[in-house]
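Listed below are the residues making up each chain.
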Amino acid sequence: MIDTAGVRRRGKIDEKVEKFSVIKTLQAIEDSNVTVIVIDAHEGIVDQDLHMIGYALDAGRALVVAINKWDGLTPDQRDYIKLEMDRRFNFIPYVKVHLISALHGTGVGNLYPSILRAYKSSMFEVSTNRLTQILQDAVTANPPPTIAGRRIKLRYAHIGGHNPPVIVIHGNQTSALPKSYQRYLENQFRQVFKLEGTPLNVIFKQNDNPYANKSDTPTKAKTQQLRQRERNRAKKFTTKDKKSR
Ligand SMILES: Nc1nc2c(ncn2[C@@H]2O[C@H](COP(=O)(O)OP(=O)(O)OP(=O)(O)O)[C@@H](O)[C@H]2O)c(=O)[nH]1
Ligand SMILES: [Mg+2]
């Protein structure tokens, strides 16, 4: 378990230390199985928190959110935070949010089962047969559209990776599949496998695509590209601090 330094609000601490500690934090997220984002209820849910959540999800990490210092709030403040949660977390309905007090230990114990569920979700396994069956059920219940008179065909599905989980679907004309249909399938898989806390990548491969069998393992260049992206992100987190000073 890695306890990272907090990514501070604007201008609270020295900028060089800040940049270094942000890079360490982003690195820890990349290296983790499950990231627990701890938000200070006294500060509310701020953009910085959402950036962090976005970063973790983009990195493919499973998430649990803890809103800490719940003990010191008035009933009105609690209602306000709950409203903010509905509003600001509506893009991650599959992430569990806990209201906790680290000081008193309230709710802290409930984090562990959520972390475990997020971990299991991020590592979930299923046979190609069963996954294909679920794909076919989803397609029967709600068929994909036809494109120029030809129906998009989704033939079979298999697991393509873990942490984050990847589901690879093979078919015809898959590049013409509408985003809404992709989301429909993602939601079907989430429901059937009770995936909690983890992003899920559903990718499509066209049978007539000459690159269909290309390896999914990242190349060295790809890894370098990811590292650069990480440094740029770190910069983004810290340059923001300057502006608002
Ligand atoms: N009221 C209240 N105060 C808390 C709670 N949790 C932490 N604090 C206080 O918040 C302050 C910071 O606590 P830390 O545990 O150092 O916070 P941190 O997030 O680990 O901070 P860094 O690691 O420095 O980023 C301390 O004064 C704690 O007593 C809580 O649940 N309720
Ligand atoms: Mg700390």
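Residues numbered from 1 in each chain as written. Chains lettered and ligands numbered in written order. Predicted model: local features only at pLDDT ≥ 70, side-chain atom pairs only at ≥ 80, totals over all residues. Heavy atoms only, no water.

Engineer: So what's going on with the sheet that holds strand β7 (residues 166-172)? Which residues, and what values?
Structural biologist: A sheet is described by the order of its strands in space; here three strands give the open sequence β6-β7-β8, paired in mixed fashion. Among the strands making up the open sheet, the edge pair consists of β6 (153-161) and β8 (201-206). Geometrically, the sheet is characterised by an average inter-axis angle of 25° between neighbouring strands, direction not taken into account. As defined by bridge partners, β6 adjoins β7 across seven bridges and the pair is classed as antiparallel. Residue pairing for β7: H158 is matched across the bridge by V168. Helix α6 (residues 179-193) rests against β6, β7 and β8 of the sheet, and its axis sits at about 125° to β8. (Pairing = 2+ DSSP bridges. Helix = DSSP H or I, 4+ residues; strand = E, 2+ residues; numbered from the N terminus. Axes fitted to C-alpha atoms, helices over the stretch in contact; angles between N-to-C directions. Contact = heavy atoms within 4.5 Å.)

Engineer: Could you give me a rundown of the pairing of β8, with the residues and numbers involved?
Structural biologist: Bridge count between β7 and β8: six bridges; the pairing is parallel. Among the inter-strand pairings, V168 is bridged to a residue of β8, identified as I203.

Engineer: Residue-level account of the sheet that holds strand β2 (residues 62-68), with values.
Structural biologist: Strand order in the open sheet made by the three strands is β1-β2-β3, with parallel pairing throughout. Bordering the open sheet on either side are β1 (34-40) and β3 (96-99), each of which pairs with just one other strand. Within the sheet, the average angular offset between the axes of one strand and its neighbour, ignoring direction, is 20°.

Engineer: Summarise the pairing of β1; cite the residues concerned and give the values.
Structural biologist: Direction of pairing for β1 relative to β2: parallel, over a ladder of seven bridges. Each bridged residue has a counterpart across the sheet, and for V38 the counterpart in β2 is A66. Crossover β1 to β2 through helix α2 (residues 47-58) is right-handed. (Right-handed = clockwise from strand over helix to strand, strands pointing away.)

That is the geometry; function is a separate question.
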